[in-house]
Amino acid sequence: MTGGRHLVIVESPAKARTIGRYLGDDYVVQASVGHIRDIPVPRDLPAEMKKGPFGKFGVDTENGFEPYYVVSPDKKKTVAELKKALKDADTLYLATDEDREGEAIAWHLLETLKPKKTLPVKRMVFHEITKDAILDALQSTRDIDSHLVDAQETRRILDRLVGFELSPVLWRKIGPSLSAGRVQSVATRLVVERERERMAFVAADYWDVTGTFAADSSAFSAKISTVDGSRVASGSDFADDGTLTARAKSATVLTEQSSRELVQALEGAQARVTKLDSKPHTRRPAPPFTTSSLQQEASRKLRLGARQAMRVAQSLYENGYITYMRTDSVALSKEAIAASRAQASELYGSEYVPDKPRAYRSKSQNAQEAHEAIRPAGDRFRTPAQVAGQLSGDEFRLYELIWKRTVASQMADAKGTTSTVELALEQNGRAATFRAAGTVITFRGFLAAYEEGRDASRYSDDSEDKRLPQMTEGQHLQTRELLCDGHTTTPPPRYTEASLVRALEERGIGRPSTYASTVATIQDRGYVLRRGTALVPSWTAFAVVRLLEEHFGTFVDYDFTAHMEQQLDRMARGELGRAEYLQDFYRGDGSTGPIGLKPMVDDLGDIDAREINSIAIGEGITLRVGRYGAYVERIERGADGEPVEGADPQRASVPEDIAPDELTVAKAQELLERQKDDGRVLGIDPGTGHELIAKDGRYGPYVTEVIPEPQVDDTGDAGDAASTAGARSGAKKTTKKVAKPKPRTSSLLKSMDLATVTLEDALKLLSLPRVVGTTEDGTEITAQNGRYGPYLKKGTDSRSLETEEQMFTITMEEAEKLYAQPKTRGRAAAKPPLKELGTDPTSGKPIVIKDGRFGAYITDGTTNVSLRSGETVESITEQIAVDKLAEKRAKGPAKKPARRTTTRKAPAKSATKKAAPKK
C-alpha cells in the first residue's frame, strides 16, 4: 500500500521494531505493550459504581453479564501516544497476535482509541514475522472477529466469577490471601491427588535374577522370566497397596532366600535357546511442536520451566526467528514442508527424506489458535549454525530444539530389528527361563537429527539399544554368572511442569496460551512447591482442594472443566451466545445444562473449618493447617481410647522441607517428641541478663532470647516508679508506647540437636556474625551462617567456609589467605575418578570415568562421553571406552552459540486498567 500515513499497532516494542524494518516510511509501528484494559477489582471501581450492579465483580450479572473495563494507570501514556499517532493516520492496522487474546486486545484498542468513522480500520494477522509474511498480511486484512472476542471475554468473566465467589470461602475457612480459579484449582487438584496416591502407597519387596550368558565370544545379560513353570513377578505386577494385581495373582514373588536358593541350584547349568524371535522395527518421527509439546520438551531437554520457555519463545517470535508460539496445530505449510525436506536432504542426504511429504493432524477440534505448528520462520530455515552469533544462550538452545524437531518431522523412519531370546536352564530339580530383548537400529533416519525426550517412568526399560549376538534355536550357551538382586516398588512419580502440562492437555483443560501461566500461578500462590523438577503440593493445597471437592465438586471436576473449554470453542465458532452461557453457568437456568455457581454459594450451609484443615496421619495423630503453617497434633487418650479430660494436646510444627508423603506416623512421632524440648530454658545470657531458650519452628530448630515487656508509665517514662505513682494520684495520662527490641535468633548448626543444645552452644550461635578482623583499609571481615552454609564476608565479597565450626575458629590470617585465592564461584574441589581404564591409543592420555554434574562420563582429558541410560561404571571396559571416545571424535566438536553482551526481554501480555467507557 502506498500513499498516506498508516498506523500499525502491535503488542510489544520488540515486535514493533522488527516489523518496522520491513515496512516503508509511510508506516508508523507502535506497541500497546500488551493489554490496555481490564475488569477492575471492586475496590478500584469509581465510588459511584461500587453500590451499583458492577460493585461485586466489575461485571453486571443482572444485565447480560456486561463487563466494565478501565484502562490501567500505567497505560495512560501509551494510550495518549497511540491517540496522538492516530490523528495523523490515514489507515489503522490492528496487528496483534492471531489467537483469541490477540483478537481481544485489538477490540479493546478499537474501543479505547475510538478512531473516526471515516478512518479505515483493518485487522492484520500473520503467524511469523518475516518480510514476506508481513507484506502478505497487509494485502489480506479482515475485520475483527467478534466471535473470538466473545470467547476471550467470556473466559475472563468466568475467571472473575469463579475467583470472586469461591476465594472468599477459602479466606473464611482456611486462611487469608488464598484464591480459587477455574483452571488453577483443577491443576492444583491433579498435583494433590498424585501426592495422595504417594501417601497411600505401600512399598513391596521383590527379587529377581540376572544371568550373563555367552555365545562364542559374545556375552549378554538376560533376566529371569519364569521359575518352575510360574511367571516371576516384577515391579509392574504390584498394586499401590503392596499386593499383587489381579492379573498377577498366580505369579511367583521371589524373596532373597528363594532367589539365592535358585541361583545355588542352577549354578553351572548350561542355557539352551528355546525361542528366538526377530522382527523389523520401525519408528516414526514426532510431529512438529505445539505450545504444550514445546513446553514439555523444553523442560525435559533444556530444564526450562513452562513460563521461561514461553518467554524465550516470545522473544524468538517477535524477532523473526520462529512462527507464532501459541498454537495447538501440528500442521506445516507447504513452504515449511519444502524447507524441511530441502534441509534434511542437504544436511543428511537424500536417503533420509521420504518420497512423499509427511502430513500431521491435530487431535484438538478447536480453532482458537494459530493454524500452523511452531517452526523456524521463513520459506528457507536458518540453521542453528547461522543464528549462533545472533541469539543468547536460552534463545539459541530453544531455536535449535525447534529447528531439529521441524526438520526431523519430515525425515524418513528409523529402521532396525527387534530381537527377543528365551533361554532355559534346568538342574537339581529346578527350572527357570531367562529373557532378553534388544533393538538394533540399522538406519537412523530422523534420529540423525532429533529424538524426542521421555518423562521418568516407574519401571525402567533396559532393553532398548541392547545388541544380541547371533544365535539359533536349540543352541547351548555357557552360563557365566547368575546374580540375584533385590528391589522395592516405587510410588507414582510426582508431576513435573512438563508432565503436568501434558496431563492438562490430555484432559482438555486449558488452552495453549494458558498452560504456562497456570503452572506458574499455582507455584506463585504457594499451593505447589518445586523440589528439583518435581512439583510438591503444600498442606494448604490439601485443605483448599478438599474444601472445593466436598462443596464445589463441579468446579474442580476434570470433565466439567474440559466441557467449559468446548463451550468456549463453540462460542469462538459463533455457535453459542455469551450471555446465554454465562447465565447458565452463574444461575443454572440456561439451556446448556444447569450449573449454577451462585445457588451453590448461596446454599453452602455450614462448613466445619477444623475438619477441612485436618488430615489423619495415623495412631491418633492429625495434621492440621493453621494460620502459621502446618502442625501435627496428638490428643492423650486413656486405656478406653477416649481423650483424657483436661489433658492438653501435644503439638509440633511441620518443617516446610518435609513433603506430605514423607510425613509418616514415625516422622510425626519424632516431631512430637522433639517438640517436648520446645521452649526449653537454656540459661541466662550474662551479657544481657535475658533468658535463652531452644525452640522448634517452621524452618527447623533454633535458639532465641526472651526479651521482657518494657514497663511503661502513664507519662511515657519507662521504669520510673515516682512518675507512675503521680499518674495514679490523678495526674493527666500521657501514655507512650516503648518499642520492644527484636530478639536475637539463630538456627542450630547441622551438628546440633534440639534436645541436647546447651547454653554455651546458644551463646556461640548468637555471637554470629562474628568479626574475624579488620583489613588495612578498615573493612571488617565477618564469619556468618547463611542459607547456603557458613561463609566469610568482606564488604560485598564473600568466601564459603568448609565447615560450620570455622565460623568460630577461623583467624584473620587464615581469612586473608582465603581471600588471596581466586574466587571459585561455587566450584567444588575436583573429585577422584570413579574408575581408571588405561591409556587411549589415539591421544596417548589416561582414560578415566568421572562423576560430573549430569552423571558419570568417560574422558581422556580432552574428549568426554556421557554414560548412557542403563550403563554402569562397572560395565565399561577399556575397549568400550576407547570405542566410545573414537566415535565421539569422529563426530567432531559440538558447536557452541556465541554469547551476546545484551539480552532481550520479551514483554508478556499483561492485564492493565484505566478509566474508559464500557462496551
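Residues numbered from 1 in each chain as written. Predicted model: local features only at pLDDT ≥ 70, side-chain atom pairs only at ≥ 80, totals over all residues. Heavy atoms only, no water.

A. Representation of the overall build of the protein chain. In terms of regular secondary structure, the protein chain is built from 25 helices and 33 strands. Buried positions account for 48% of the 919 residues belonging to the protein chain. Taking contacts inside the protein chain between residues at least 6 apart in sequence as the whole, the part at least 24 apart equals 68%. Summed over its atoms, the accessible surface of the protein chain is roughly 46600 Å², and 48% of this surface lies on carbon and sulfur atoms. (Helix = DSSP H or I, 4+ residues; strand = E, 2+ residues; numbered from the N terminus. Buried < 20%, exposed > 50% of the residue type's maximum accessible area, 1.4 Å probe, protein only. Contact = heavy atoms within 4.5 Å. Areas by Shrake-Rupley, 256 points an atom, 1.4 Å probe, with all protein chains shown as cover.)

B. The arrangement of the packing of helix α3 (residues 100–113) against helix α5 (residues 146–173) in detail. Packing of α3 against α5 brings their axes to within 8 Å, and their N-to-C directions diverge by 100°. The angle between the axes of α3 and α5 places the two elements in the roughly perpendicular class. Residue-level inspection shows Arg100, Glu101, Glu103, Ala104 and Trp107 of α3 in contact with α5, the latter providing Leu148, Val149, Ala151, Gln152, Glu153 and Arg155. When grouped by side-chain class, the residues that make up the contact of α3 with α5 number five nonpolar, one polar and five charged. (Axes fitted to C-alpha atoms, helices over the stretch in contact; angles between N-to-C directions. Parallel < 35°, antiparallel > 145°, perpendicular 65-115°, else oblique. Nonpolar A, V, L, I, M, F, W, Y, C, P; charged D, E, K, R; others polar.)

C. Inspection of the pairing of strand β32 (residues 855–859) at higher detail. The pairing of strand β31 (residues 846–852) with β32 spans five bridges and is classified as antiparallel. Bridged to Gly852 within β32 is Gly855. Taking the residues that link successive antiparallel strands as the turn, the β32-strand β33 (residues 864–866) hairpin has four residues, and the phi of Gly861 there is positive, at about 95°. (Pairing = 2+ DSSP bridges.)

D. Representation of the packing of α5 against helix α15 (residues 539–551) within the structure. In contact at an axis separation of 11 Å, α5 and α15 are set at 120° when each is read in the N-to-C sense. Viewed along their axes, α5 and α15 adopt a mutual orientation that is oblique. Note on packing geometry: the crossing formed by α5 with α15 is right-handed. Here α5 contributes Leu166, Val169, Leu170 and Lys173 to the contact with α15, which in turn contributes Val544, Leu547 and Leu548. Of the residues belonging to the contact of α5 with α15, the class tally is six nonpolar, no polar and one charged. (Left-handed = near helix turned anticlockwise from the far one by under 90°.)

E. Region of interest: the sheet that holds β31. Spatial ordering of the open sheet is given by β30-β31-β32-β33, a layout of four strands whose pairing is antiparallel. Each edge of the open sheet carries a strand with a single partner, namely β30 (835–839) and β33. Put simply, the sheet's adjacent strands are angled 25° from each other on average, direction ignored.

F. Here's a closer look at helix α10 (residues 334–348). Taking 1.5 Å of rise per residue, the 15 residues of α10 would be expected to cover 21 Å, and the 21 Å separating its terminal C-alpha atoms lies within 8% of that figure. Among all positions in α10, only Ala336, Ile337, Ala339, Ser340, Arg341, Gln343 and Ala344 are buried. Summarising the contacts, the buried residues of α10 are in contact with α12 (393–408). Residue Gly349 follows α10 closely and has a positive phi angle near 115°. (Expected span 1.5 Å × (residues − 1).)

G. Up close: unusual backbone geometry. Of note, the bond from Leu768 into Pro769 is cis; its omega dihedral lies within 30 degrees of zero at -5°. Relative to the assigned elements, Pro769 resides in the loop between α22 (759–766) and β26 (770–774). In this model, Asp228 sits at a positive phi of 50°, which is unusual for a non-glycine residue. Within the element layout of this structure, Asp228 appears in the loop between β10 (218–227) and β11 (230–231). Owing to a relative accessible area of 43%, Asp228 belongs among the partly exposed residues under this scheme.

H. Helix α7 (residues 256–266), seen in detail. Listing the buried residues of α7 in full gives Ser259, Leu262, Val263, Ala265 and Leu266. With its buried residues spanning 165° around the axis, α7 presents them on a single face. Pointing more than 90 degrees away from the buried face of α7 are the exposed residues Gln257 and Gln264. If you follow the buried residues of α7, they end up packed against β9 (205–215), β10, β13 (414–427), β14 (430–443) and β15 (476–488). (Arc of directions from axis to C-beta.)

I. Quick look at the sheet that holds strand β29 (residues 797–800). Within the open sheet, the four strands sit side by side as β26-β27-β28-β29. Their pairing is antiparallel. The sheet terminates laterally at β26 and β29, the two strands that pair on one side only. Between one strand and the next, the sheet's axes are offset by a mean angle of 25°, whatever the strand orientation. In this structure, β26 lies alongside strand β27 (residues 780–786), joined through four bridges in antiparallel fashion.

J. Examining the confidence of the model for the protein chain more closely. Per-residue pLDDT for the protein chain has a mean of 86; in total, 89% of the residues score no lower than 70. Under a pLDDT of 50 for its full length, residues 895–919 has, in the predicted model, 82 contacts with residues more than four places off or in other chains. (pLDDT = per-residue confidence, 0-100.)

K. Summary view of the pattern of salt bridges. Evaluated as defined, the whole model comprises 56 salt bridges. Notably, a salt bridge pairs Glu549 with Arg196, separated by 3.0 Å at the nearest N-O pair. Of this pair, Glu549 sits in helix α15 while Arg196 sits in helix α6 (residues 184–200), and the two are 353 residues apart along the sequence. Looking at Glu549, the relative accessible area reads 25%, which means it is partly exposed. (Salt bridge = Lys/Arg side-chain N within 4 Å of Asp/Glu carboxyl O.)

L. View of the side chain of Thr96. Structurally, Thr96 is set in the loop between β7 (91–94) and α3. A polar contact of 2.7 Å, which involves the side chain of Thr96, links it to the backbone oxygen of Gly102. With residues near it in sequence (within four places) discarded, Thr96 still touches Ile9, Glu11, Lys15, Gly102, Ile105, Ala106, Leu109, Arg123 and Met124. (Polar contact = N/O pair within 3.5 Å; in protein donor to acceptor, adjacent residues only side chain to side chain.)

M. The arrangement of the nonpolar core in detail. Residues Phe585, Leu623, Val632 and Leu663 are the most contacted members of the largest nonpolar core, which totals 79 residues. When residues of this core are assigned to their parent elements, the largest contribution, ten residues, is made by α5. By size, the runner-up hydrophobic cluster in this structure holds 60 residues, among which are Leu23, Met124, Ile374 and Ala408. (Core = buried A, V, L, I, M, F, W, Y, C linked by side-chain atoms within 4.5 Å.)

N. Geometry of the packing of aromatic side chains. All told, the structure shown has 16 aromatic pairs when counted by the stated rule. Ring centres of Tyr581 and Phe585 lie 6.4 Å apart, and the angle between their planes is 35°; this geometry places the pair in the tilted category. On the criterion of helical spacing, the pair formed by Tyr581 and Phe585 is a turn pair, its members being four residues apart in helix α17 (residues 578–587). Among the residues examined, Tyr581 registers a relative accessible area of 1% and is labelled buried. (Phe/Tyr/Trp six-rings, centres within 6.5 Å; stacked < 30°, edge-to-face > 60°.)

O. Layout of a negative patch on the surface. The grouping of Asp132, Asp136, Glu335 and Asp379 at the surface amounts to a negative patch. Structurally, Asp136 can be placed in helix α4 (residues 131–139). (Patch = residues over 30% accessible without salt bridge, like charges linked within 9 Å, V, L, I, M, F, W, Y side chains within 5 Å. Lys, Arg positive; Asp, Glu negative; His and termini not counted. Charge placed at Lys NZ, Arg CZ, Asp CG, Glu CD.)

P. Expanded view of the environment of Ser72. Tracing the chain through its elements places Ser72 in the loop between β6 (70–71) and α2 (76–87). According to the relative accessible area criterion, Ser72 is buried, its value standing at 7%. Through-space distance from the C-alpha of Ser72 to that of His35 is 9.0 Å; in sequence the pair is 37 residues apart. At a separation of 2.3 Å, a polar atom in the side chain of Ser72 contacts the side chain of Asp74.

Q. The arrangement of the environment of Ser236 in detail. Note on placement: Ser236 falls in the loop between β11 and α7. Among the residues examined, Ser236 registers a relative accessible area of 34% and is labelled partly exposed. It is 9.4 Å that separates the C-alpha atoms of Ser236 and Ala248, two residues lying twelve residues apart in sequence.

R. Structural view of the environment of Leu262. Within the secondary structure, Leu262 sits in helix α7. Sequence separation of Leu262 and Asn428 is 166 residues, and the distance between their C-alpha atoms is 9.7 Å. Setting aside anything within four residues of it in sequence, one finds Leu262 in contact with Ile224, Val227 and Arg430.

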